[in-house]
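# Architecture at a glance
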Amino acid sequence: MDGTALLTITVLAVFVGFEVVSKVSSTLHTPLMSGANAIHGIILVGAIIVAGQAADPWVLAVALLAVVLATANLVGGFVVTDRMLHMFHAKKDPVKAGAHPEAGSK
């Protein structure tokens, strides 16, 4: 593929991705994005493969940038998932945890 075709595909993918994500309600956005961690992992593996086979310095620079961005996206997705799952933990009752019930009232 030539550069024009690749640029066209990239622009169309960005546009379609923006349109799809902007239509998702805010209550579903976090679970859907955190569930996409497997896709980000695949992107990271692909970026590492491209970086390992790069012969041109520009391709290597772009591939390394892709590795950094994919890693940040993957780690951020896991952080969001972890924070979201902590919202569903039961809060500990201070009396059951062994704390004195009047300790916080002074």
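Located above this text is the structure these notes cover.
The following refers to the structure shown. Only a predicted model underlies this, so the values are computations on that prediction, with no experimental measurement involved. (Residues numbered from 1 in each chain as written. Predicted model: local features only at pLDDT ≥ 70, side-chain atom pairs only at ≥ 80, totals over all residues. Heavy atoms only, no water.)

### A closer look at the overall build of the protein
Helix and strand content of the protein: 4 helices and 0 strands. In the protein, the order of α-helices and β-strands from amino to carboxyl end is α-α-α-α. Looking at the protein as a whole, 13% of its 106 residues are labelled buried. Intrachain contacts of the protein at a sequence separation of at least 6 include 52% that bridge at least 24 residues. For the protein, the exposed surface amounts to about 8,600 Å²; the carbon and sulfur share of it is 73%. (Helix = DSSP H or I, 4+ residues; strand = E, 2+ residues; numbered from the N terminus. Buried < 20%, exposed > 50% of the residue type's maximum accessible area, 1.4 Å probe, protein only. Contact = heavy atoms within 4.5 Å. Areas by Shrake-Rupley, 256 points an atom, 1.4 Å probe, with all protein chains shown as cover.)

### Remarks on the pattern of salt bridges
Taken as a whole and assessed by the stated rule, the structure comprises 1 salt bridge. For E19, the salt bridge is made with K23, and the minimal N-O distance between the two is 3.4 Å. (Salt bridge = Lys/Arg side-chain N within 4 Å of Asp/Glu carboxyl O.)

### Considerations on a nonpolar patch on the surface
Taken together, the side chains of F15, V16, V20 and V21 define a hydrophobic patch exposed on the protein surface, amounting to about 350 Å² of accessible area. Mapped onto the fold, V20 is located in helix α1 (residues 3-22). (Patch = residues over 30% accessible without salt bridge, like charges linked within 9 Å, V, L, I, M, F, W, Y side chains within 5 Å.)

### Notes on the packing of helix α3 (residues 37-52) against helix α4 (residues 57-86)
Describing two packed helices takes the angle between their axes plus the distance from one axis to the other. For the pair α3 and α4, interaxial distance at closest approach is 8 Å and the crossing angle is 160°. Looking at the two axes, α3 sits roughly antiparallel to α4. Crossing of α3 against α4: the hand is left-handed. Among the residues making up the contact of α3 with α4, the classes are represented as 15 nonpolar, 7 polar and no charged. (Axes fitted to C-alpha atoms, helices over the stretch in contact; angles between N-to-C directions. Parallel < 35°, antiparallel > 145°, perpendicular 65-115°, else oblique. Left-handed = near helix turned anticlockwise from the far one by under 90°. Nonpolar A, V, L, I, M, F, W, Y, C, P; charged D, E, K, R; others polar.)

### Some remarks on the nonpolar core
L44, A47, V67, A70 and L74 together form the largest nonpolar core, which totals 5 residues. For this core, the secondary-structure elements that each account for two or more residues are α3 and α4. The dominant element in this core, judged by the number of residues it contributes, is α4, at 3 residues. (Core = buried A, V, L, I, M, F, W, Y, C linked by side-chain atoms within 4.5 Å.)

Purely geometric stuff here, so don't read any function into it on its own.
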